[in-house]
Structure formats: C-alpha cells, structure tokens
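Single-letter residue listing:
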Amino acid sequence: MTSSPPNNRNWMGGDIGNTFDMGQSFSDTGSPSSRSATPTNDNDDVETGTAVDNFNDHIPTKKTLQEQQPTPTTNVQYDRKSKQRIGMLVVGIVIVAISMFFIGMSVGSSNSSNNEVVSSTQEETQHVSISSADPIIPDDEVVVPDIESTDEEELPLYLLNMTNSNSPSGTPTSSPITAIPSQSPITSSPTQSPTISSVPTSSPTPKNPYFFGTEFITVPDLGIEMSAGLKVKLIAKTGEKVQYVNGTNSTLAWHTRSDAAGIIPLDDGGYVYMSNSEEYAEDGGGVYGLYFNSEGEITEYKALLTGTDDNCGGGLTPWNTWVSCEEESDVGQCWQVGPDGRAEETVLGGEGGNFESVAVDDRIYDAPVFYTTEDEEDGALRRFIASQHGWDALHTEGEHSFLNLFDDGTYEWTTDEKDARKSAKEYFPNSEGIQVHEGNVYFMSKELQHLIILDLENMTWTSEESGVKFYGEGSFGGQPDQNMFGPTRKYIYFTEDGSSDPGVYARYGDDGTYFTMFQAIEDDIHTDDETIGIALSPDNKRFYAGFQVTGYIFEFTREDGLAFE
C-alpha cells in the first residue's frame, strides 16, 4: 500500500492529550482540499450592470428659463399703473428662475450620487454573482477523484450522487444573487436617496472537508494513517493514568486489552465511555468507565465491573445500560452494567458460551428483542424476546430461540439448538458484531469475512463478502469484528482483527462500498493488532476507537466541526 506523507506539516508529540490537527489546505489535485472557499460563477449570462448603464436615460431634460416662460406682450403706451404691474412681474420671474436653478442643481447632485452608489455596489458584486443552477457544495459532500471504471453503473451510488451533475442534490442550494433593482424615476422635487442593501453571499465551504479515504494523512507518532479532514487526539494508553480536565490524573492506569465499547449519556449533559477489558479476572478483566462532561472533557475513570473473564464484545440497551459479553469457553455470560456501577448477570447467555456482541430491536416498547452472537465455529445466533422494558427485562424469563438458515435464502427461529449450531457452522462460523436497523439484522462472520443480513419482516437472508467493493486509500483485508451504525444510518462502521494495517472502515448502506476512516501504518507498531472500542459521543462529533494490544484510545473529530454520519 502506498501512503501520502504530509506536506510541510509540523507534528506534535505523541503524549496523551495532544491534538494532531490537519488543518492545512492541499494542492489542486481534485482532492477535497482543492475546493475554493468562495464559490465561482459559471453563468456568464447574468447581467448585473443594466440598472447603472440605463440610469441616465431616465433623467428628464431640463428646459431653459426662456423655453419655459412665454414672451411678454408690449404696447407703445403704458400708464403708470401698468408699469408698476410689469415691474412686479419681472421681479417674480427672476425669483422663480433662481429657485428652479437651485432645484435643478440639487436634483443633479442627487442623481450623480445615486449613480456612483449603484455603480460601485454592482462592480463589487459582479464577481460573486452566481446563478440558481450553481449549488453550494454542502459540508459533508466533496468532489472525489475519478475511479478506475468507465462504466458509470459500476460506481457506488453515493459517488454517483456526488459526481453526476445531472442528478438532483438532496441538500439545499444557495439563493441566487439577482441584479440590484433600478432606481425610481426622478421627480421635480428632491427625493431621499434609496438605501442599497448588501447582496447576500453564500457560506464558504470548509477549508478541508472530510470524506473517507480520498487522501491519507500520516501521523507517525501515533502509528496511523487517517483520512484528510480529521483531527486525532490520544486520550488514554494502557499502563498510563488518565489525565483529567482539571489537571489531575486518575488513580487507576488505563486497563489492558481494551475491547468493545459503548457510550451512555448522563443527566448532566456528560457521558460515559463504557470499555471492556478482555483479560482474565485476576488481571483486571471486566468493564471500566471513562467519564466526560458536556464539553467532551475527561473528568473521571473507574472500574464498573470486575471479576469476569475475557469481556470481549457487548451492546447498548434502550434504557442506557451496557451489556458486556464474556468470551470464555462454554462458561461465559452476558452482564448488564450501569454507568453508576450497578452490574448483574443476564439471561442472554443461557448455560454459557463464547459470547461476542448484543443488539436489540426495540420497536415494541414492552417486548424488546435481543440478539446475541457467539464467537465459536458453531456459535449459534440467539434471540431473546423480553416481557418488559427496563433493567429487569434482562433478568426475568422471556422467549428464547436460535437462528436456522436455509439454502433457499429463507430462515426460521427454532428451539432446537443442535440444528442452529449446524446452520452456524455452515453459513456464519465465528459470528462477531451485530446491529439492528429498520427491520434488518446485520452481523459478521469473521471466519468467512461475510456480512449476513436478516430481513425480519420477510424472513429472508443475504450475505456479502466484506471489503470487496472498496473506494480510495487503504484496504480491508483482515477479519471484520465489531460494527456500529452511524447516526444517519447511512454507514455501518467496522473494526478489523489482524492484518499488517488494521483500521476502522465504513460501509455505505445502499451499495455496500467500503471506505477507510483510519488504519495502522503498515509494518509499524500496530501491525497484527486489532481495532476496538468504536463509539460516538451523544452529539456525534467525537468518534472514539483504538488498538487492543498497544492499548491506544483515540478521539477523532472533524476539522469542519460537523458531526459524523
């Protein structure tokens, strides 16, 4: 794999808390960073000077005093009284003439001033005028480089939407800038000069908009390559104490062998990053909580569940608790853990197993349905229909069954665990991460490197090989592990187990194209490790992930300040 090293970048040290900000623009090579911050006008036909050019044509022509007044009639004889009347008339004519002269001067001055204002305003706005056909590029959409394909039908739907100029945009376009209205006709009496309002301008596009895998930035101090448009900060590391926002450090050092994680919001606006430890009980296995305030700053770190073995995957519940799964031979169980430290074994694990992950379909409030995967060659997918909502739902009886797939693309839920294990061994050995969305269940078989999709309404199933359709930088050559839907449900994020450059990837839902968010530098400190702990803050602006063996936990944010999708 060929990566692009940063150009003229000054790297900060790799200590906990340092932020690696990739805020510089890139050369004009078609990458997102080559976009101008000010949109250009592609419509040369927009006329903005008409009002100025024709303005003088609308000024009435002034007549001279002689043209406006009739010539008085004379007689040979005048009486004294007539002479006085004539004298008064002459004086009146002179006064009128002087008044009209000053009125003309005032109108001319006002007209000249108005012409200068209109002309100046239009000259300043002509270079930013755009037509209604020129949409402003939205923050979350960039122009991507050409893909090596001549057949448009082979392009991912998401990329087609971005590159096809004939396709309607799903995002609002900017309002067109129109020519300034012409002035009102000049009257014989002076009028107040019209106020020229400022022409609205469109919002500038971000300096370096984020899109997966279009361009890589190498961060050697952290051993990763990440997509341009991201910032990264190391917030925890195995064996080191966690630094709090008030300048103090945690009592405990960050646990070893971090694994799956989930985020739970708190009543005060903060949140907790619930992180598993895949260690034996005597070495610190269990669940740990990293606490944040409403600004995303770390305030506390402590153990929430101890004395358990190989806490691998897990899942969140609708009532804001974390289910942590033990992957421990045939004795493992699934534990419900609250952010307050309350913990209890659930009924999800039955008589035990190598449990991996949990997902819930909560469309029916008082009958949520839980699905649990098992990382065994014949690990059956379990379904549990609870009889109530809340903490006790996982500690009381409900309906248990197992998944049984058929060759014709249909499936059933059965109570025959033997048949279910046979089905798992054939179609989805060693199942891992699982998610539920809009009546579909998505789960991974890391052994086959397949994503299996169950249609809960039609009782049908399909599968696809992970990472086959890949866009941009990076590769997804290892085993797919945990998964998580983004907030818009447009992407499913995946972690990767093994390979020389494990990373975090996103799958676009409509066509199954995979993209790289970040990955390890090949043959470096994270080689043959696995990515873990993917989770999003409640406002979706902070993305957490890390590596298990090296024990790094990262916080990613977008340079444009927007939420992840």
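Residues numbered from 1 in each chain as written. Predicted model: local features only at pLDDT ≥ 70, side-chain atom pairs only at ≥ 80, totals over all residues. Heavy atoms only, no water.

Trainee: For this particular structure, what's the right way to read the side chain of Ser227?
Mentor: With respect to the helices and strands, Ser227 occurs in strand β3 (residues 224-227). Judged by its relative accessible area of 0%, Ser227 falls in the buried class. Separated by 2.7 Å, the side chain of Ser227 and the backbone nitrogen of Gly213 make a polar contact. (Helix = DSSP H or I, 4+ residues; strand = E, 2+ residues; numbered from the N terminus. Buried < 20%, exposed > 50% of the residue type's maximum accessible area, 1.4 Å probe, protein only. Polar contact = N/O pair within 3.5 Å; in protein donor to acceptor, adjacent residues only side chain to side chain.)

Trainee: So what exactly am I meant to see when it comes to the pattern of salt bridges here?
Mentor: Taken as a whole and judged by the stated rule, the model has 17 salt bridges. Between Glu432 and Lys446 there is a salt bridge, with its nearest N and O atoms 3.0 Å apart. Of this pair, Glu432 sits in strand β20 (residues 431-437) while Lys446 is found in the loop between β21 (440-445) and β22 (450-455), placing the two residues 14 residues apart along the sequence. One salt-bridge network, in which partners are shared between bridges, spans Glu374, Asp378, Arg382, Glu417 and Arg421. (Salt bridge = Lys/Arg side-chain N within 4 Å of Asp/Glu carboxyl O.)

Trainee: What should I look at first to understand the packing of aromatic side chains in this one?
Mentor: By convention here, two paired aromatic rings are described through the distance between centres and the angle between planes. Enumeration over the complete set of coordinates arrives at 36 aromatic pairs. Between Tyr411 and Trp413 the ring centres are 5.9 Å apart and the planes differ by 80 degrees, which places this aromatic pair in the edge-to-face class. Comparing Tyr411 with Trp413, the two get one shared label, buried. One aromatic cluster is present, formed by Tyr210, Phe211, Phe212, Tyr471, Tyr491, Tyr493, Tyr508, Phe515, Phe543 and Phe564 through successive ring pairs. (Phe/Tyr/Trp six-rings, centres within 6.5 Å; stacked < 30°, edge-to-face > 60°.)

Trainee: Could you clarify how one ought to interpret the pairing of strand β17 (residues 382-385) in this entry?
Mentor: The two faces of a sheet get side chains in turn, since along a regular strand they alternate between them. As judged from the four bridges shared by strand β16 (residues 369-374) and β17, these two strands associate in the antiparallel manner. Pairing of Val369 across the sheet is with Ile385, part of β17. With four bridges joining them, β17 and strand β18 (residues 399-405) adopt antiparallel strand pairing. Note that in β18 the partner of Phe384 across the bridge is His400. (Pairing = 2+ DSSP bridges.)

Trainee: When you look at the sheet that holds strand β26 (residues 503-508) in this model, what are you seeing that I'm missing?
Mentor: Strands pair in a sheet through their backbones, by hydrogen bonds, and they do so in one of two ways: parallel or antiparallel. With antiparallel pairing, six strands are arranged side by side in an open sheet as β2-β3-β27-β26-β25-β24. Each edge of the sheet is formed by a strand with only one pairing partner; in this case those strands are β2 (216-219) and β24 (479-485). Shown here is a sheet whose adjacent strand axes are inclined to one another by a mean of 25 degrees, direction ignored. Pairing analysis gives five bridges linking β24 to strand β25 (residues 491-497), with the strands arranged antiparallel. Bridged to Gln479 within β25 is Asp497. (Axes fitted to C-alpha atoms, helices over the stretch in contact; angles between N-to-C directions.)

Trainee: How do you make sense of the nonpolar core when you look at a structure like this?
Mentor: Across soluble globular proteins, nonpolar side chains show a tendency to be buried alongside one another. Residues Tyr493, Met517, Phe518, Phe543, Phe554 and Phe556 are the most contacted members of the largest nonpolar core, which totals 31 residues. Looking at this core, the elements that each hand over two or more residues are β3, β4 (230-237), β25, β26, β27 (514-520), β28 (531-536), β29 (543-547) and β30 (552-558). By residue number, the principal contributor to this core is β27, which donates four residues. With residues up to four places along the chain from it excluded, the contact list for Phe518 reads Ile224, Glu225, Met226, Gly503, Val504, Thr531, Ala545, Phe547, Phe554 and Phe556. Grouped together as the second largest cluster of nonpolar side chains are 19 residues, Ala359, Leu403, Phe428 and Val436 included. (Core = buried A, V, L, I, M, F, W, Y, C linked by side-chain atoms within 4.5 Å. Contact = heavy atoms within 4.5 Å.)

Trainee: How should the sheet that holds strand β19 (residues 411-414) be read in this particular structure?
Mentor: Read from one edge of the open sheet, five strands run β15-β16-β17-β18-β19, paired in antiparallel fashion. Looking along the sheet, the strands with just one partner apiece sit at the ends: β15 (355-361) and β19. Put simply, the sheet's adjacent strands are angled 25 degrees from each other on average, direction ignored. Against the sheet, helix α5 (residues 417-427) touches β16, β17, β18 and β19, its axis set at about 40 degrees to β18.

Trainee: Which parts of the structure should I look at to understand the confidence of the model for the protein chain?
Mentor: Any residue range with low pLDDT should be treated as having predicted coordinates unsuitable for detailed reading. Mean pLDDT over the protein chain stands at 77; residues scoring 70 or higher make up 64%. Per-residue pLDDT stays below 50 along residues 1-13; that stretch engages in 35 contacts with residues further than four places along the chain or on separate chains. Within the model, the stretch residues 109-155 combines pLDDT values under 50 with 90 contacts to residues more than four positions away or in other chains. (pLDDT = per-residue confidence, 0-100.)

Trainee: What is the right way to look at unusual backbone geometry in this model?
Mentor: Backbone geometry follows two general trends: most residues other than glycine have a negative phi, and most peptide bonds adopt the trans configuration. Despite not being glycine, Ser329 has its phi angle at roughly 45 degrees, a positive value. Tracing the chain through its elements places Ser329 in the loop between β12 (322-326) and β13 (334-337). One non-glycine residue, Asp523, adopts positive backbone phi at about 55 degrees. For Asp523, the position within the fold is in the loop between β27 and β28.

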